[in-house]
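Chain and residue survey
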Amino acid sequence: MTNFSFSGLKVITICAALSLTAGLALAGDGNVSANQILNALQPKPLTRALSTNTQAAQADAAVKAKEASFLQGLRNRKTRSLSLSEREQIAEIATTKPNIDLEINFDFNSASISKASMPSVQALGEALSDTKLKGSTFVVAGHTDGVGGDAFNQNLSERRADTIKRYLVENYGLTNSDLVSVGYGKTKLKDANDPADPVNRRVQVVNMEAKTASK
């Protein structure tokens, strides 16, 4: 697959704990409502100043065309088929998109969703199937903590992302092409100072193809 470079973008991760775009950390049991998720994943409208700047608009259109072409090539791909380069490109694009981090915990060394996290997963399903997000493509990214080998953690993160994707498809009417699942293993720790911290075991969701309206 052709690789694209998206300058100025930073790598983002999607994990078993998900955080709000504005950097809001969820406390307590980590459960959020479908409305909270829906609001976080809806794109902000463009301003007239940006939309009437011809040069900026052309540059933005070129970047979006590359993103759309790349994203199209990811549809219906198996999680483990994604190359390192493709995973990094997904992470780069995701930094500019609406996203949310939810506390979705898994059993230790397992891809099974914990009972305590089921309300968050169900709220996620309700939000992603809402008509306000119709037509969007979402990335579901899995992450592990820093304990264990690289290969083991990469496999575990992919299985966790697949678990969330499968649950959403089977229970909320989303299609495989609506969701791109990706695993990052222990390469993008949320707390690099404490690799074993449970906060590193997380899943993040990003609205990669949001339809943005202009004001």
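This text goes with the structure placed above it.
What comes next concerns the included structure.

In this section: the nonpolar core. Counting residues in each nonpolar core, the largest one holds 27 residues, and the members touching the most others are Ile-37, Leu-41, Leu-124, Leu-128, Ile-164, Leu-168 and Val-205. Listed by contribution, the elements that provide at least two residues to this core are α1 (34-41), β1 (99-102), α5 (118-128), β2 (138-142), α6 (150-172) and β4 (203-207). Look past the residues within four positions of Ile-164 in its chain and what remains in contact with it is Ile-104, Phe-106, Ile-113, Val-121, Leu-124, Val-140 and Val-203. Listed in part, the 15 residues of the second largest apolar core include Leu-71, Ala-94, Val-139 and Ala-141.

The subject of this paragraph is the pattern of salt bridges. Going through the model one piece at a time under the given rule, you end up with six salt bridges. A salt bridge links Glu-88 to Lys-188; its shortest N-O distance comes to 3.1 Å. One end of the pair, Glu-88, is in helix α4 (residues 84-94); the other, Lys-188, is in the loop between β3 (179-183) and β4, with 100 residues separating them in the sequence. Glu-88 gets classed as partly exposed once you look at its relative accessible area, which sits at 23%. According to the relative accessible area criterion, Lys-188 is buried, its value standing at 15%.

What follows concerns the packing of aromatic side chains. The final tally for this structure, using the stated rule, is one aromatic pair. Between Tyr-167 and Tyr-172, the ring centres sit 6.3 Å apart and the planes meet at 45°, which makes this aromatic pair tilted.

On to the pairing of β4, then. A large share of β4 lies buried, amounting to five of its five residues. Burial along β4 is two-sided: the residues Val-203, Val-205 and Asn-207 and Gln-204 and Val-206 are all buried. Pairing between β1 and β4: four bridges, direction antiparallel. When the bridges of β4 are listed, Asp-101 appears paired with Gln-204. Examined bridge by bridge, β2 and β4 share five bridges and lie antiparallel to one another. Bridge pairing in β4 places Ala-141 opposite Gln-204.

Now for the sheet that holds β4. By definition, the strands of a sheet pair up through backbone hydrogen bonds, in either a parallel or an antiparallel sense. Sheet architecture is open: four strands sit in the order β1-β4-β2-β3, paired in mixed fashion. Edge positions in the open sheet fall to β1 and β3, since each of these has one partner strand only. For this sheet the average axis-to-axis angle between neighbouring strands, irrespective of direction, equals 20°. Where β2 and β3 come together, five bridges link them in parallel fashion. Among the inter-strand pairings, Val-140 is bridged to a residue of β3, identified as Ser-181. α6 rests against β2, β3 and β4 of the sheet, and its axis sits at about 160° to β3.

A positive phi angle, close to 65°, is found at Asn-76, a residue other than glycine. Note that Asn-76 resides in the loop between α3 (54-72) and α4.

On to the side chain of Arg-202. Residue placement: Arg-202 occurs in the loop between β3 and β4. Its relative accessible area of 2% is what places Arg-202 among the buried residues. Here Lys-188 takes part through its backbone oxygen, which lies 2.2 Å from a polar atom of the side chain of Arg-202.

Rules behind the numbers
Residues numbered from 1 in each chain as written. Predicted model: local features only at pLDDT ≥ 70, side-chain atom pairs only at ≥ 80, totals over all residues. Heavy atoms only, no water. Core = buried A, V, L, I, M, F, W, Y, C linked by side-chain atoms within 4.5 Å. Buried < 20%, exposed > 50% of the residue type's maximum accessible area, 1.4 Å probe, protein only. Helix = DSSP H or I, 4+ residues; strand = E, 2+ residues; numbered from the N terminus. Contact = heavy atoms within 4.5 Å. Salt bridge = Lys/Arg side-chain N within 4 Å of Asp/Glu carboxyl O. Phe/Tyr/Trp six-rings, centres within 6.5 Å; stacked < 30°, edge-to-face > 60°. Pairing = 2+ DSSP bridges. Axes fitted to C-alpha atoms, helices over the stretch in contact; angles between N-to-C directions. Polar contact = N/O pair within 3.5 Å; in protein donor to acceptor, adjacent residues only side chain to side chain.

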